[in-house]
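What follows is the residue order along each chain.
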Amino acid sequence: MSSNTVRRVAALAAATALPAGLLMAGTGVANAAPTCNQSSHTTKNDASTVWVTHTYDKSVTVKEAAAGTNVTYKIEVGTTGIGNPYVNAIRDYPPAGFGKPVSAKVTSYHFLQGQQTEDVSPVVTGDGGWSVNSTGWFVNSGNSVTAEFTYKVPNGAATGVQITSGGIDVGGTVGVGIRRDNLNACFTVREKNAGEAALGSTDGAGLGSSEGQLSSTGSVSDVLGDTITRVIQNGS
């Protein structure tokens, strides 16, 4: 069998291993995308904002992630002028095939306390998104509001595939409300590092970084050293 034939067979096997949701275009996997942008940005300036410019950013915190690990999407809403809107809902649209967020949190301005981060409970929107809600997060030119949604990358995601998220939807006062389906973020699925391959996904194991890796280096020595220590402690 020629090397070209072998490569074609391997590519076909990788594609068929993906869940159906991850084969969708647009908000799913961009197999033929020439670029994979980790963040995107847009603004709003019209009569509804009283000609004050509001800013909107979405990003994913890692450029590459392995199947079975966690990735976090950040949505930031800000303003550059004298307006100070209140945001009461931030909705995230993850890639097709992703499940419920593992966790969510919001960073916003609190009177006399400055920027504070708190855990929040995301609510399903019914159209494939997840929403965090408030009576009103204050925003001005020096204080934006940021929502973070953490999801598990599906176990069937194939190495080398680019996964692009859906967009955002924001609700609030003073013209801050906006929906942008193309305000998305992309990462590439990588091979599991040595620690992830040896011990599998770390979801719920209490090990590694917030992005679901076993250690900052992912080295076998780090992972196995920690595992051996736990075994000795448990057996003593």
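Residues numbered from 1 in each chain as written. Predicted model: local features only at pLDDT ≥ 70, side-chain atom pairs only at ≥ 80, totals over all residues. Heavy atoms only, no water.

Caption draft 1: Spotlight on unusual backbone geometry. The phi angle at Val50 is positive, at roughly 60°, despite the residue not being glycine. Residue classification places Val50 among the exposed residues on the basis of a relative accessible area of 57%. Phi is positive for Leu112, which is not a glycine, with a value near 70°. Secondary-structure assignment places Leu112 in the loop between strand S6 (103–110) and strand S7 (114–119). (Buried < 20%, exposed > 50% of the residue type's maximum accessible area, 1.4 Å probe, protein only. Helix = DSSP H or I, 4+ residues; strand = E, 2+ residues; numbered from the N terminus.)

Caption draft 2: Representation of the environment of Ala67. You can see Ala67 is positioned in the loop between strand S3 (64–66) and strand S4 (70–79). By relative accessible area, which is 10% here, Ala67 ends up buried. Taking C-alpha positions, Ala67 is 7.9 Å from Glu191, a pair spaced 124 residues apart along the chain. Excluding residues that lie within four positions of it along the chain, Ala67 makes contacts with Val153, Pro154, Asn155, Ala157, Val189, Arg190 and Lys192. (Contact = heavy atoms within 4.5 Å.)

Caption draft 3: Main features of the side chain of His54. Position of His54 among the secondary structure elements: in strand S2 (residues 54–60). Taking relative accessible area as the criterion, His54 reaches 0% and is therefore assigned buried. A distance of 3.1 Å separates a polar atom in the side chain of His54 from a polar atom in the side chain of Thr79. From its side chain, His54 meets the backbone oxygen of Val174 in a polar contact 3.2 Å long. If we skip the residues at most four places from it in the chain, His54 touches Thr42, Thr43, Lys44, Thr49, Gly78, Thr79, Pro85, Val174, Gly175 and Val176. (Polar contact = N/O pair within 3.5 Å; in protein donor to acceptor, adjacent residues only side chain to side chain.)

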